[in-house]
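So you can see what is in the structure, the chains are spelled out below.
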Amino acid sequence: MNAPETLPRVDRAARQAEVVAALAEHLPAHALLWQREDTVPYECDGLTAYREQPLVVALPETEDQVAAVLRACHRLNVPVVARGAGTGL
């Protein structure tokens, strides 16, 4: 889930807190990353020319969690970027 870097820092932090709170209802703590040092590996995949700092990284472990994350993101109007193996293929 990416957010434009053009958002002012305060707005980004508020939006991030809103998204984290919504996703925390559906995911265990270890499956939700939002600290900068935890999300850096998810800025890009094998195609490193395009980088974007994720607002939040959700790592659902079950089909029900995937569905809950997608519903929450849809409700909050948060774009979702699915990531496979990170190869860019």
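Residues numbered from 1 in each chain as written. Predicted model: local features only at pLDDT ≥ 70, side-chain atom pairs only at ≥ 80, totals over all residues. Heavy atoms only, no water.

Participant: Can you tell me about the overall build of the chain, naming the residues and giving the values?
Facilitator: If you tally the helices and strands in the chain, you get 3 helices and 2 strands. Sequence-ordered secondary structure for the chain, helices as α and strands as β, is α-β-α-β-α. Evaluated residue by residue, the chain yields a buried proportion of 33% over its 89 residues. By sequence separation, contacts in the chain at least 24 residues apart represent 68% of the contacts at least 6 residues apart. (Helix = DSSP H or I, 4+ residues; strand = E, 2+ residues; numbered from the N terminus. Buried < 20%, exposed > 50% of the residue type's maximum accessible area, 1.4 Å probe, protein only. Contact = heavy atoms within 4.5 Å.)

Participant: With reference to specific residues and values, describe the side chain of Gln 65.
Facilitator: Along the chain, Gln 65 falls in helix α3 (residues 63-76). Judged by relative accessible area, Gln 65 falls into the buried class, the value being 14%. Once residues within four sequence positions are removed from consideration, Gln 65 is found in contact with His 26, Leu 27, Pro 28 and Pro 60.

Participant: Please provide a residue-by-residue account of helix α1 (residues 9-24), values included.
Facilitator: It helps to recall that an α-helix has 3.6 residues per turn; residues three or four apart then point in one direction. Here α1 spans 22 Å end to end across 16 residues, near enough to the 22 Å set by a 1.5 Å rise per residue. Three or more residues of α1 are buried, namely Arg 12, Gln 16, Val 19, Val 20, Ala 22 and Leu 23. Along the axis of α1, the buried positions cluster into a sector of 160 degrees, meaning they face one direction only. Buried residues along α1 sit in contact with β1 (32-33), β2 (57-58) and α3. (Expected span 1.5 Å × (residues − 1). Arc of directions from axis to C-beta.)

Participant: Just give me the short version of the nonpolar core, but keep the residues and values in it.
Facilitator: Counting residues in hydrophobic clusters, the biggest one holds 15 residues, and the most contacted among them are Val 19, Leu 23, Leu 27, Leu 32, Val 56 and Val 69. Elements supplying a minimum of two residues to this core: α1 and α3. When neighbours within four sequence positions are excluded, Val 69 is seen to be in contact with Leu 23, Leu 27 and Ala 58. (Core = buried A, V, L, I, M, F, W, Y, C linked by side-chain atoms within 4.5 Å.)

Participant: Any chance you could break down the pattern of salt bridges for me, citing the residues and the numbers?
Facilitator: For the coordinates displayed, the defined rule picks out 3 salt bridges. Through salt bridges with shared partners, one network takes in Arg 36, Glu 43 and Arg 51. (Salt bridge = Lys/Arg side-chain N within 4 Å of Asp/Glu carboxyl O.)

Participant: Can you tell me about the environment of Ala 17, naming the residues and giving the values?
Facilitator: Secondary-structure assignment places Ala 17 in helix α1. By relative accessible area, Ala 17 is classed as partly exposed at 47%. The sequence separation of Ala 17 and Val 56 amounts to 39 residues, and the corresponding C-alpha distance is 9.4 Å.

Any functional reading would require information beyond the geometric quantities listed.
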